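A look at the structure
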Amino acid sequence: MKLRSLFFIVGLFLMSEVNAAEPGSYTGKITEILGGPGHGGITYISVDGTVKDLADGKPCAASRYSFAFDTANENSGLWVSMILTAYVAGKTVYLQGTGGCKGDAEWLNQVRLE
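Residues numbered from 1 in each chain as written. Predicted model: local features only at pLDDT ≥ 70, side-chain atom pairs only at ≥ 80, totals over all residues. Heavy atoms only, no water.

Scanning the protein chain for helices and strands turns up two helices and seven strands. A burial count over the protein chain gives 31% of its 114 residues as buried. The contacts in the protein chain between residues at least 6 apart in sequence include a share of 60% that link residues at least 24 apart. With an accessible surface of roughly 7000 Å², the protein chain has 57% of that area assigned to carbon and sulfur atoms. (Helix = DSSP H or I, 4+ residues; strand = E, 2+ residues; numbered from the N terminus. Buried < 20%, exposed > 50% of the residue type's maximum accessible area, 1.4 Å probe, protein only. Contact = heavy atoms within 4.5 Å. Areas by Shrake-Rupley, 256 points an atom, 1.4 Å probe, with all protein chains shown as cover.)

Structural data, given as structure tokens:
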């Protein structure tokens, strides 16, 4: 019985690993930023290109907003500053997601100004 339970747990783990999405990434310009209390503390970012999911070539972002992050995140203040700097200055930015989606936008994991 214990062995059967162990196989079941290992099987679930392996299935979750196989189905896990690879993070999407994007290098380019930010075209729009959306946020505020009406969005539950979530900030959405639009970019001028397509974000590709590295696992199968399908974009996580099917809407006009490609990435999203929660302003309650401990890094959100830094991210807001970097994103606004890139947007206002028209600078190139590298964005990488977590592989998980918030609706049609991918959760943001990393921001780098280039």
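For the protein chain, mean pLDDT is 79; residues scoring 70 or higher make up 73% of the total. Helix H1 (residues 2-19) is the least confidently modelled element of the protein chain, averaging 45 in pLDDT, while strand E2 (residues 30-34) averages 95, the highest of any element. Considering only residues more than four positions removed or in separate chains, one finds that residues 10-20, a stretch of pLDDT under 50, has zero contacts. (pLDDT = per-residue confidence, 0-100.)

Our next topic: the pairing of strand E1 (residues 24-28). Residues Gly 24, Tyr 26 and Gly 28 line the buried face of E1, whereas the alternating positions Ser 25 and Thr 27 sit on a face that is not buried. One ladder, built from four bridges, connects E1 with strand E6 (residues 93-102); its direction is antiparallel. For Ser 25, the partnering residue across the bridge sits in E6 and is Gln 96. (Pairing = 2+ DSSP bridges.)

This brings us to the packing of aromatic side chains. Taken as a whole and assessed by the stated rule, the structure comprises two aromatic pairs. Relative to Tyr 65, the ring of Tyr 44 has its centre 5.8 Å away and its plane inclined at 55°; by these criteria the two rings are tilted. Taken together, the positions of Tyr 44 in strand E3 (residues 42-47) and Tyr 65 in the loop between strand E4 (52-53) and strand E5 (67-70) put the pair 21 residues apart, joining distant regions of the chain. Judged by relative accessible area, Tyr 65 falls into the buried class, the value being 13%. Centroid distance Phe 69 to Trp 79: 5.4 Å. Interplanar angle 85°. Geometry classified as edge-to-face. You can see Phe 69 sitting in strand E5 and its partner Trp 79 sitting in helix H2 (residues 76-89), a full 10 residues away along the chain. On the accessibility criterion, Phe 69 (1% relative accessible area) is buried. Seen from the ring of Tyr 94, Arg 112 lies directly overhead, with NZ or CZ sitting 4.3 Å from the centre. (Phe/Tyr/Trp six-rings, centres within 6.5 Å; stacked < 30°, edge-to-face > 60°. Lys NZ or Arg CZ within 6 Å of the ring centre and 35° of its normal.)

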